[in-house]
Amino acid sequence: MAPDNVLSAANAESPARTTPYNYHRYARLTIGARLAVCFAAIALLMIGGDAIAVWQFGRVEASAQRFYETDQRSLAVMRVHLDVVTFRETLSGLARAQDGREFASQAASLRDDFLKDAARFQASLSLARDADQDPTILTRLQTVRAALPSQVDLMLELVKTGDWEAVQLRLGNQVESLVGSSSSLVENVDREVAEERVAALESADRARRELSLVLPVTAVLILLMATALGWYATRAISRPLAHLGAGAQALARGDFECEVEVSGSDELAELGGAFNYAARQLRERKRAEEALRQAQADLAYINRATTMGELTASLAHEIRQPITAALTNARTCVRWLSRDQPDSEEARVAASRIVEDLRRAEGIISRIRLLFKRGNGQREWIDVNEVIREMIVLLRNEANQYSISIRTQTAENLPRVMADRVQLQQVFMNLMLNGIEAMKSMSTPAELTIRSQRGDNGDLLVSISDTGVGLLPEQADQLFEAFFTTKPDGTGMGLPISRSIIESHGGRLWAGTNAGRGATFHFTLPGEAGGPE
Ligand code: ADP
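Basis of the calculations
Residues numbered from 1 in each chain as written. Predicted model: local features only at pLDDT ≥ 70, side-chain atom pairs only at ≥ 80, totals over all residues. Heavy atoms only, no water. 1 Å grid on protein atoms, 1.4 Å probe; cavity = no way out; pocket = protein on both sides within 12 Å on 5 of 7 lines; lining within 4 Å. Points joined across faces, edges and corners; volume = space filled by probe spheres on them. Helix = DSSP H or I, 4+ residues; strand = E, 2+ residues; numbered from the N terminus. Nonpolar A, V, L, I, M, F, W, Y, C, P; charged D, E, K, R; others polar. Axes fitted to C-alpha atoms, helices over the stretch in contact; angles between N-to-C directions. Parallel < 35°, antiparallel > 145°, perpendicular 65-115°, else oblique. Left-handed = near helix turned anticlockwise from the far one by under 90°. Pairing = 2+ DSSP bridges. Contact = heavy atoms within 4.5 Å. Bend = angle between axes of the 7 residues up to and from the residue. Near = heavy atom within 4 Å. Polar contact = N/O pair within 3.5 Å; in protein donor to acceptor, adjacent residues only side chain to side chain. Areas by Shrake-Rupley, 256 points an atom, 1.4 Å probe, with all protein chains shown as cover. Salt bridge = Lys/Arg side-chain N within 4 Å of Asp/Glu carboxyl O. Buried < 20%, exposed > 50% of the residue type's maximum accessible area, 1.4 Å probe, protein only. Core = buried A, V, L, I, M, F, W, Y, C linked by side-chain atoms within 4.5 Å.

**Student:** Provide a residue-level description of empty space enclosed by the protein, including the pertinent values.
**Tutor:** The final tally for this structure, using the stated rule, is two cavities of 30 Å³ or more. What the largest cavity holds in volume is close to 40 Å³. Every residue lining the largest cavity is listed: Ile31, Arg34, Leu35, Cys38, Tyr232, Ala233, Ala236 and Ile237. Breaking the lining of the largest cavity down by element, the ones donating at least two residues are α1 (31–97) and α4 (164–253). Residues belonging to the lining of the largest cavity are distributed by class as follows: seven nonpolar, no polar and one charged.

This is how it looks when you write it as structure tokens:
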């Protein structure tokens, strides 16, 4: 039969399954792989985002670097100019003092300083982009760089000859023109650096603006894509799981028709297949149980009818008693009324007794009818002591036939039980008749004792003891098996049916041997507090 409720356990169409279910049918398990791909994609996205951020920061850094380089260049040209000016001032002073040794040493040292700074400046020029370069700067620098050492050489020659006048003249003309060249070098570089600074500033501004846009946009995009991937990964798992959860709840409620739709070939599909297999098994078991219950009910009815057939004779005797009494009372009543002076008071008393007798007879008849009736399991709150009293009335005659006395030990204020009265009577009748039958052939005094008391957890505990043949230890396990009987005309169904009735009421039924003679059958039923809803 196609299941009514189909819940989806995976994402595609449902393939047909056959029983028995093969747990190793699916070899390709893909949830782990799917999750790994999702996490790898999220990690790649994050790396991509980081790369974009690094690239943007690199652009801002490049602008800052350009700033630094222009600063370095303008500092280097300033140093070259300062070297030339210092050269002129220091050597002019020494020429005036006509100190030949000091002049030679200072001139060499100042030349070296100048050459070092000129080389540094030239190096800073090579870092600048060719497009931004003013070609005259390099030419002018090379001219000054070549001219100053040759001036030193010439002046040292003049100093050697003591021609201080020619030295001073050279300092005032050639060296002074070098100062002018280095000064215009400074101007050229300043102009160029100023232009470059403006360009660097603009580029830094642009990079900063782009950074403030690109970074948040990239972050939001990555977040959205990672969320989408995460959502897809969790949904692919959580949806089938939710269906499986709903299916499991349906099973727990007893709705075994529920199946989940199985598709794909991952672990969840595997789980869905196992779930459907379990649901199918439970469905089949439930149907088998229902069929068994029906068979038991039919057997119970037959069993009860058979027992009742045997009881009919003794019950007829019991019914005859109140009817005979009613007849006697009716005659008495007629006698009182047909006197010359009718005694209406005596007649009324006799008539009341007739009513009582007939009520007793009616009670017996209705109890018999109730036992024969094929009830559908109407449950109600029942006082078990009342059922015990009813059953004793029904079976007393049967017991009397074999000189068996029936004794009760019923506790007061017992919890009521929610039960099917007719089924409960059936259990009592089976157990009491078994007890009577076990004592039938005994020559010793026989006694059937029925006890009711409060058991553990507020349950009700009923025991039916006899002083009969008792139970053989090897029979203990067999007693409750269907068709086990030691009687020539027995059905072997009384005890299994009784146990199934008690268990369907949430109780337990078991047997034990007595310390003295005979056997005791006990059963429990949930009391008012823990009873069935
Ligand atoms: P039946 O009474 O038709 O045999 P039951 O299922 O009621 O079927 O009982 C099965 C068997 O259990 C009986 O045949 C009997 O051997 C044993 N038995 C049941 N009750 C008693 C008892 N009170 N004392 C001794 N034996 C019992």
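**Student:** Now, about the packing of helix α3 (residues 135–161) against α4: what can you tell me, with residues and values included?
**Tutor:** For the pair α3 and α4, the least separation of the axes is 10 Å and the interaxial angle reads 165°. As judged from the angle between their axes, α3 and α4 are roughly antiparallel. Here the hand of the crossing between α3 and α4 comes out left-handed. Looking at the contact of α3 with α4 residue by residue, the class counts come to 17 nonpolar, seven polar and three charged.

**Student:** Which residues make up the sheet that holds strand β4 (residues 404–410), and what values do they have?
**Tutor:** The strand order across the open sheet built from five strands is β4-β6-β7-β9-β8, with neighbouring strands paired in mixed fashion. Of all the strands in the sheet, the pair left with one neighbour each is β4 and β8 (509–513). Strand-to-strand, the axes of this sheet are offset by a mean angle of 15°, without reference to chain direction. Judged from the six bridges that link them, strand β7 (residues 460–465) and strand β9 (residues 519–525) form a sheet pairing that is antiparallel. Counted as the bridge partner of Leu460 is Leu525 from β9. Sheet strands touched by helix α7 (residues 384–401): β4, β6 (446–454) and β7. Its angle to β4, the strand with the most contacts, is close to 170°.

**Student:** Give me the lowdown on α4, citing residues and values where you can.
**Tutor:** Leu171 marks where α4 bends most, by close to 35°. Looking at the residues trailing α4, positive phi occurs at Gly254, about 100°.

**Student:** Go over the site of the ligand, please, and point to the residues and values.
**Tutor:** Taken together, 19 residues form the shell around the ligand, and within it Thr485, Thr486, Lys487, Thr491 and Leu495 come nearest. Interatomic distance of 2.9 Å between a side-chain N/O atom of Asp466 and a nitrogen atom of the ligand. One nitrogen or oxygen atom from the main chain of Gly494 is found 3.3 Å from an oxygen atom belonging to the ligand. Summarising the interface, the protein chains cover 93% of the accessible area of the ligand, which totals 530 Å² for the free molecule. Secondary structure elements with two or more residues in the shell around the ligand: α8 (421–439) and α9 (494–504). Classifying every residue of the shell around the ligand by side-chain character gives eight nonpolar, nine polar and two charged.

**Student:** Give me the pattern of salt bridges: which residues, what numbers.
**Tutor:** Applying the stated rule across the entire model yields 21 salt bridges. Residue Arg73 is joined to Glu196 by a salt bridge in which the shortest nitrogen-to-oxygen separation is 2.9 Å. With Arg73 in helix α1 and Glu196 in helix α4, this residue pair connects regions lying 123 residues apart in the sequence. What makes Arg73 buried here is its relative accessible area of 2%. Asp153 is the salt-bridge partner of Arg111, the closest N and O atoms lying 3.9 Å from each other.

**Student:** Would you mind going over the nonpolar core in detail, with residue names and values included?
**Tutor:** Of all hydrophobic cores here, the largest spans 41 residues; its most connected members are Val384, Leu424, Phe428, Leu431, Met432, Ile450 and Phe523. Looking at this core, the elements with two or more residues in it are α7, β4, β5 (417–420), α8, β6, β7, α9 and β9. For this core, the element with the most residues is α8, which contributes nine residues. Excluding residues within four positions of it along the chain, Ile450 makes contact with Ile388, Ile392, Ile406, Arg407, Thr408, Gln409, Phe428, Met432, Ser463 and Ile464. Residues Val144, Leu148, Leu171 and Val179 belong to the second largest nonpolar core, which totals 33 residues.

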